[in-house]
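Per-entry structural report
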Amino acid sequence: MSGFAITSPFIRRFAFSALTLALVSGCSTTAQAPAQINTLNNNVSVQVALEQPPKAEQPLTLNQIMANPDWMGIFAQDAYWSDDSQSVYYKRQAHQAPVADYYLQGVAQKTASKLNLDQLHLADQKNAVLNLAGTKKAYLYQGNLFVKDLTDGEIKQVTKQNAAISGVRFLSNGDLAYWQGNNIFRLHQSSGLIEQIANIQMANEPKLIQDPSSYIAKQQHRLIEYVALQHDNAKAQQQYQQQLADADPSFAAKTWYLGDSEVVSDISLSADGRYAILALTDKNYSWRAEHDIMPNYLGQDGYVDPVPARSRVAEDKFPGQRLVLLDLNEHVKKDITIEGLTGFDEDVLADVKQENAVAKGEKYESKKSPRLIQLMQDWEWSQSAIQWHPTKNKLLVMIEAVDNKDRWIASVDLDKGSLTTEHRLHDDAWVNYNFNQYGWLSNSDNFYFLSEETGYSHLYVKTVGQKARALTQGKFVVDDVTLSPDAKHIVYRANADHPGSYNVYRVEIESGKIEQLTNWFGTLSYVLSPDGQSLLLDASSLIKPNELYLQPIGGKLSQLTDYTSDAFKAYAWQAPKVVAVPSNHGAGEVYARVYLPQGFEAQGADKYPAVIFNHGAGYLQNAHYGFSGYFREFMFHNMLAQQGYVVMDMDFRGSKGYGRDWRTAVYRNMGTPEVEDLKDGVSWMTNNANVNAAKVGTYGGSYGGFLTFMALFNEPELFQAGAALRPVTDWAHYNAPYTSNILNTPDIDPIAYERSSPIEHADGLQKPLLIMTGVLDDNVFFQDSVRLVQRLIELEKPMFETAIYPVEPHGFKQPSSWLDEYRRIYKLFEQELKK
């Protein structure tokens, strides 16, 4: 399951945090003394008691597993390099701490220094922009603009104001440009003058003073000298102001009036400051309606607070965007037309519409019509969908169709305001919301991009107007692309050796020669140092949580941080085995983690009970060789194994890391291929892990809760019990950005929604079911569970129970809530699987 974040009510913006933090509930923790109050920030204490951590030889308990996770370690997060490539910045934040602390650690140092509050603005900013010479960088801190001279380290604050600046760039001549709201400013380096080069008003242009036109008005001006004089003076003043503005160079640029029906969703400025491209959205579009509220029954004043919540896919009618080009020198506006996008008017949903029409006894006639488009919304990138050439007036834009079937990289003709398709990625299912990085190669007309066109995300280079050349190929996934400082290499991450293990590589752009830079067995992310000589790794393995490592290119790996607690490191954790489960449903192999009972016997009359865990997000990978973001579940599965269970955690179809076909196997049919994979998982455990197929249960949260429903409702003999946490019960009530990818929209494809929504299949429930959800869940609404509960009541199903958590959002926060939730899950399995 996936959520989304919105930075403006008029443009859909997505964030990976909804995919990983809200659903996975990954830990952000480190070692503190047990049973004490943790103090990370000088001024803020974290008032959450710590449970005594487990001793190395002792069995695990639920109280330990679900306690404040700070006992595991308070880990480094969001690490990045200093400008001189000699130090690393990162933050640490205790569980439920309101703010994080920031640290600086030298690459040769064993310990880090915590930054004081008055030092934070001096910290090298990872989201900065460089000038062409690479000698200066500009960054925003608390909405204000700073410039750092990289030759001597001097930092100057350029603005000091309350109105936040939203974007900044160096121009090709060294000047700085920044935009604030709908205004664009230029800071001239030679004089220090701040010039407003664009004042964009989303309003109709004021009308000039008009001469009288009606009979009565003309008569009034003819007979009443005072009226005529006032009119003539006002007209003369207006003309004078216009002549003055045209002649006087001290005046700011003319105001742009772009009408009152839209709002600005995005602004980007060319390298020379001449052109600005805008993305505009209908101002009447909103991500929510008045009835989209979430009741908070425990409001601080004792009343029920109506908390605003997002709209549902059944009602979210995003109108798309249109692009406008402004020539700031000539004061000319061009509306960018979409006819240059290959397939811009194709009826890509014709087959779907036909199938749904036939189901209703109707006919559908396919017709071509311009499609709605918007700038590409990638859920993990930090770059812009608009890419100006660093030195020339050349522009690339990445555009997606609102129907989710096409992604285009297009060049923009700045004279004509037209688009030319440089690359079209079409997918009959949906274009991925990941793997969309792209950009210019320095000092050339070439650009690089990622594409899933072969079935796997790979890296390509292309000269504008010519054919693309693949730099990587194979049955593995490439992501996290970085252009080296000398522009000779592209660094990337890939799972080339095994789907569940990631390493960093670089490819020489000219020759295509590929070099493996790391030799890690697990999962990792990386940041290339500013000098291009070293990698900062955030890496983990099966039973080792994420720590920071340094990997000089061609050198030896070294560990930078060690925040995992001694108690966690000392415990005898069971490392799950990663196995390939053969599919009996045409899926090839399904990767899974398996935890085996203590004293496991592969054969014997006494067969084991088993549990299958269903991960969240749908499009997420958990059967890998890294430390699981589901750290509580990792410990829970260790505890179950200690108590005689076999536990399996599958990357069922739809999961991440296995290519396009695996991802889109759930298109228009969510919950069917995944349950087929769960059946194969039970079969594998029966044949290979001495499991009693009549004593298997399942559980999961979010998408995993949805999958628990679909398994129990549609395959009632597969599992003997199931627990669904914060579960989706009806996809028409989930958000549009996620759901419309996979199921289209309910008005177009009701078949897909009825086929994929658990509430439509609830009459199949035969085995014990536990439903648990947070009342303040603004991702999967509490209403989802309420509606399903009423449906089960009306179906007279006696085998379900519910538990609600009044203060919890999608990813639970309170240790007491986690403990209560997993006590109930554990009790269910003990009662139903150990009979």
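Residues numbered from 1 in each chain as written. Predicted model: local features only at pLDDT ≥ 70, side-chain atom pairs only at ≥ 80, totals over all residues. Heavy atoms only, no water.

1. Things to note about the packing of helix α7 (residues 631–642) against helix α14 (residues 815–833)
Counted only if it meets this: Axis definition: a line fitted to C-alpha atoms, limited for helices to the stretch in contact. Angles are taken between N-to-C directions and run from 0 to 180 degrees. Segments assigned H or I by DSSP are reported as helices when at least four residues long, segments assigned E as strands when at least two residues long, and all are numbered from the N terminus. Note: crossing handedness is left-handed where the near helix turns anticlockwise from the far helix by less than a right angle, and right-handed where it turns clockwise. Every residue pair with non-hydrogen atoms within 4.5 Å of one another is taken to be in contact. All amino acids are sorted into three groups, where Ala, Val, Leu, Ile, Met, Phe, Trp, Tyr, Cys and Pro are nonpolar, Asp, Glu, Lys and Arg are charged, and the leftover types, Gly among them, are polar.
Running from amino to carboxyl end, α7 crosses α14 at an angle of 35°, the nearest separation of the two axes being 13 Å. Between α7 and α14 the crossing geometry is right-handed. Contact residues: α7 offers Arg-632, Glu-633, Phe-636, Met-639 and Leu-640, while α14 offers Trp-818, Tyr-822, Ile-825 and Tyr-826. Its residues assigned to classes, the contact of α7 with α14 shows seven nonpolar, no polar and two charged.

2. Some remarks on unusual backbone geometry
Basically, it comes down to this: Here the term buried applies to any residue with accessible area under 20% of the maximum for its type, exposed to any over 50%, and partly exposed to those in between, with areas from a 1.4 Å probe on protein chains only.
Not every positive phi belongs to a glycine, and Asn-404 is a case in point at roughly 75°. In this fold, Asn-404 is placed in the loop between β24 (395–401) and β25 (406–413). We classify Asn-404 as buried; its relative accessible area is 7%.

3. Let's talk about the sheet that holds strand β34 (residues 514–516)
As a reminder of what qualifies: If DSSP finds at least two bridges between two strands, the strands pair.
Pairing in this open sheet of four strands is antiparallel, and the strands run β31-β32-β33-β34 from one edge to the other. Each of the sheet's edge strands pairs with one partner strand only, and the pair in question is β31 (478–483) and β34. Averaged over all pairs of adjacent strands, the angle between strand axes in this sheet comes to 30°, irrespective of strand direction. When β31 meets strand β32 (residues 489–498), the two strands line up antiparallel, connected through four bridges. The residue of β32 that forms the bridge with Thr-482 is Val-491.

4. A short note on the pattern of salt bridges
Threshold: Salt bridge, as applied in this entry: a Lys or Arg side-chain nitrogen positioned within 4 Å of an Asp or Glu carboxyl oxygen.
This model, assessed by the stated rule, comprises 39 salt bridges. For Arg-755, the salt bridge is made with Glu-355, and the minimal N-O distance between the two is 3.6 Å. Placement of Arg-755 in helix α12 (residues 750–756) and of Glu-355 in helix α5 (residues 350–359) is noted, with a sequence separation of 400 residues between them. Bridged by salt links that share partners, the residues Glu-346, Arg-371, Asp-403, Asp-406 and Arg-424 form one connected network.

5. Considerations on the packing of helix α9 (residues 673–688) against helix α10 (residues 703–714)
Any two packed helices are characterised by how steeply their axes cross, that is the angle between the axes, and by the distance between the axes. The test is simple: Angles below 35 degrees are treated as roughly parallel, those above 145 as roughly antiparallel, those between 65 and 115 as roughly perpendicular, and all remaining angles as oblique.
At their nearest, the axes of α9 and α10 sit 10 Å apart, and the two run at 75° to each other. The pairing of α9 with α10 is recorded here as roughly perpendicular in orientation. Across the interface between the two elements, Glu-674, Val-675 and Leu-678 from α9 touch Tyr-703, Phe-706, Leu-707, Met-710 and Ala-711 from α10.

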